[in-house]
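The residues making up each chain are set out below.
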Amino acid sequence: MNPVLQTDTERIVIEPVTRVEGHGKVTIHRDAEGRVAQARLHIVEFRGFERFIQGRPYWEMPVAVQRLCGICPVSHHLCAAKAVDLLVGGESLTPTAEKIRRLMHYGQFFQSHALHFFHLASPDLLFGFDADPVDRNVLGVAAAHPELARQGILMRKWGQEIIQATAGKKVHGTGAIPGGVNRSLTREERDTLRAPVSHMLTWAREALELARGYTLENLPDVGHFGDFESNYLALVRADGAMDIYDGELRAIDPRGEILLQEPDSQRYLDVIAEEVRPWSYMKFPYLKPLGPEEGWYRVGPLARVNACDFIDTPEAEEARQEFKGLAGGGPVHHTMAYHWARMIELLHCAEVIQRLLDDDDLLGAELRTEGPRRRREGVGILEAPRGTLFHHYRVGDDDLVTRCNLIVSTTSNNEGMNRSVTQVAKQRMEGVDRITEGMMNEVEVAIRAYDPCLSCATHALGQMPLIVELVDEGGDVLDRRARSGGS
Amino acid sequence: MSDRVSFTIDGTRVEAFRSQSIMDAAMESGVYIPRLCHVPGLDPWGSCRVCTVKVNGRFSTACTQPAMTGLTVENDTEELNDLRRDLVEMLFVGGNHFCMSCEKSGNCELQAMGYRLGITAPLHPYLHPDRDVDASHPDIMLDHNRCILCARCVRTSRDLDGKQVFDFVNRGSDRRIAIDPGARLKDSDADVTDRALDACPVGALLRKREGFRVPVGEREYDHVAIGEEDGVDPVSDLWDES
Ligand code: SF4
Ligand code: FES
């Protein structure tokens, strides 16, 4: 770990980060000569959750854990359900249960990716980072590109309707239960969801084209948002296909070589460990075989598209091949390529949802499996929109949870985000006394590429004010810049 | 002397047998008086006070007050509903009720009563009492966090199951349901088929491993308010079977 330059550094504090869920704070540490020594993203995490669920019955977990996150509750819901399946002997679900859960998950992915792209990323991509923040927001997009904004809203709505149909509610549903699901779809529900599929595919293609075009056009300029090699971690199906609901943990190195592939999710602790650093509440996970220095990795859309051997839906696979061509077939390391990868996944989700909605298993009546085996410990792993998510529970003989360990996606991207912010700061903030609006936003752009969910999103979208402070080594504020929320 | 009596509730004439309570008479006549601890078929208990009405201008609990000729009962008035809202709110803040992750959500009478009375966010401070969960029994769980001390389990176990699994211990804010002082569910003769388990209006007394099996949309109060259920009172289904 790098030593913190406590005595002869000044700090620039950017707080909180707008258009990133939850709150975050960025401090930029400079030495006496004004050079950037290090930048850090401080994340206020939803603490105490592990304690909150200790002593609660395991069947409550899939519903209780949704409180963790206001943005991707479905991922936590399903991940916990996968873990507790193992406690009731539900290792293999009925086809109906498996497909209903997958539909819920792909629906959540689709709406989350659409939300991120249209509300959070598109203002930067359409207007540029230095554009006036008065325009550079979702309202600006709506004014300049009304059709695009409308599509964003309808795509999100479709994803939410899929969640509602499978989980019972748009947020905090109860659909997944230990060993299966509590409902399947009626024919009418299925047909209603299926009606807009072709629009969704068209719009997903267009969004992909926008992200692709932007990335290719601006490749020389977007490098400083984090253009560094890293390892990547993602679930893949046993045959190497992208699979966001279930699979084997695969880590690849910066050249794309497979570092490890663990078929048994129950053994994730053999391959992942977490490091604690004194200045952050968040842990820093790493690949055990490589150790804490070398073993950090990135997760999320970029990691998934990099790590899989193929995508098993035709259009997304074609897009993946073009994407991988950027780096001659090896992993793409540009942080800003997260946006392109995310839109490849958006299209993949639309294709998978279409396939699922054509499958009559969704209408089946066999919802639950329970075997005789009742383990006392269960691990669930899935790919949340922001990356690999781990839920691990241990229960006592009385069915109450005694211990739990969660590794959320944003935690895995901790190191990557810190490096991206450092890179931006080094290029833009060396020797400056004042922070311009553009600089502030560039820090945010770098973080936003990862689509982090910084806490249990208690803040309305884009409502947070931004405060920047320039603090010298003695703690005095040299400059303070604030802008109100709403962007 | 006639064994029939006659009185009014909110101006509507109601007939009853002399031995009946105002609550029972109202239920028979199709007049809804909000209630939580009262269940037809069990002896009245009178602990929740949600059934508070005004009888000839004085506050009284309908489940314990005998019906008499000439009474003027006020029930569905702003004053009384305000009072009930306050009482139900106190039940919420006095326990640890996290509806969002509670398996009884949608089937819970306390939650449904909260909705009926228009409680959104309680005005009283949450007390966050320190309470435990008795999950010692292989098939039954008692979560004291959610218990509203209505004694429905106590009375059902005693009067319908012919057992005496539950009782109260301590006083005031320390009052709680107990098996035998110091004992746990696993030491009792509670059984998963006991009707006492169906008597609990909230998510305190539960059959294990069944939570969340009923999907949203098919739960008791997903489409109707408590007190507006069609025909049969949901809690008296139990007694119809017996
Ligand atoms: S356990 Fe349920 S039925 Fe028994 S007193 Fe508590 S709330 Fe009432
Ligand atoms: S119903 Fe009368 S006091 Fe509870």
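Structural data are supplied above this passage.
These figures come from a predicted structure and were not determined experimentally. (Residues numbered from 1 in each chain as written. Chains lettered and ligands numbered in written order. Predicted model: local features only at pLDDT ≥ 70, side-chain atom pairs only at ≥ 80, totals over all residues. Heavy atoms only, no water.)

Student: Go over the overall build of chain A, please, and point to the residues and values.
Tutor: Counting its secondary structure elements, chain A contains 16 helices and 16 strands. The 487 residues of chain A split such that 63% are buried. For chain A, long-range pairs separated by at least 24 residues make up 70% of all intrachain contacts whose partners lie at least 6 apart in sequence. Summing over all exposed atoms, chain A offers an accessible surface of approximately 17300 Å²; the carbon and sulfur share of this is 49%. (Helix = DSSP H or I, 4+ residues; strand = E, 2+ residues; numbered from the N terminus. Buried < 20%, exposed > 50% of the residue type's maximum accessible area, 1.4 Å probe, protein only. Contact = heavy atoms within 4.5 Å. Areas by Shrake-Rupley, 256 points an atom, 1.4 Å probe, with all protein chains shown as cover.)

Student: Report on the packing of aromatic side chains, specifying residues and quantitative values.
Tutor: Residues and elements named next belong to chain A. This model, assessed by the stated rule, comprises 7 aromatic pairs over all chains. On the numbers, 5.2 Å between centres and 85° between planes, the contact of F110 with W158 is edge-to-face. In this pair, F110 sits in helix α4 (residues 95-127) while W158 sits in helix α6 (residues 146-167), placing the two residues 48 residues apart along the sequence. Residue class for W158 comes out buried when judged on its relative accessible area of 2%. Between the aromatic rings of F323 and W340, the centroid separation amounts to 5.0 Å while the plane-to-plane angle is 85°, which identifies the pairing as edge-to-face. Of this pair, F323 sits in helix α12 (residues 314-325) while W340 sits in helix α13 (residues 337-357), placing them 17 residues apart in sequence. Judged by relative accessible area, F323 falls into the buried class, the value being 0%. Classification of W340 as buried rests on a relative accessible area of 1%. (Phe/Tyr/Trp six-rings, centres within 6.5 Å; stacked < 30°, edge-to-face > 60°.)

Student: Can you tell me about the pairing of strand β4 (residues 58-61) of chain B, naming the residues and giving the values?
Tutor: Residues and elements named next belong to chain B. The pairing of strand β3 (residues 52-55) with β4 spans 4 bridges and is antiparallel. Within β4, the residue paired with K54 across the bridge is F59. The loop that links β3 with its antiparallel partner β4 comprises 2 residues; one of these, N56, has a positive phi angle of about 50°. (Pairing = 2+ DSSP bridges.)

Student: Go over the layout of surface pockets, please, and point to the residues and values.
Tutor: Residue and element names in this part refer to chain B. A volume near 630 Å³ is recorded for the second largest pocket. Residue lining of the second largest pocket: 24 residues in total, with R131, L149, G172, S173 and R175 positioned closest to the centre. For the lining of the second largest pocket, the element with the highest residue contribution is helix α2 (residues 78-94), accounting for 4 residues. Looking at the lining of the second largest pocket residue by residue, the classes come out as 10 nonpolar, 8 polar and 6 charged. The residues that make up the lining of the second largest pocket include at least three from each of domain 1 (4-76) and domain 2 (82-217). (1 Å grid on protein atoms, 1.4 Å probe; cavity = no way out; pocket = protein on both sides within 12 Å on 5 of 7 lines; lining within 4 Å. Points joined across faces, edges and corners; volume = space filled by probe spheres on them. Nonpolar A, V, L, I, M, F, W, Y, C, P; charged D, E, K, R; others polar. Domains from an automatic or database assignment.)

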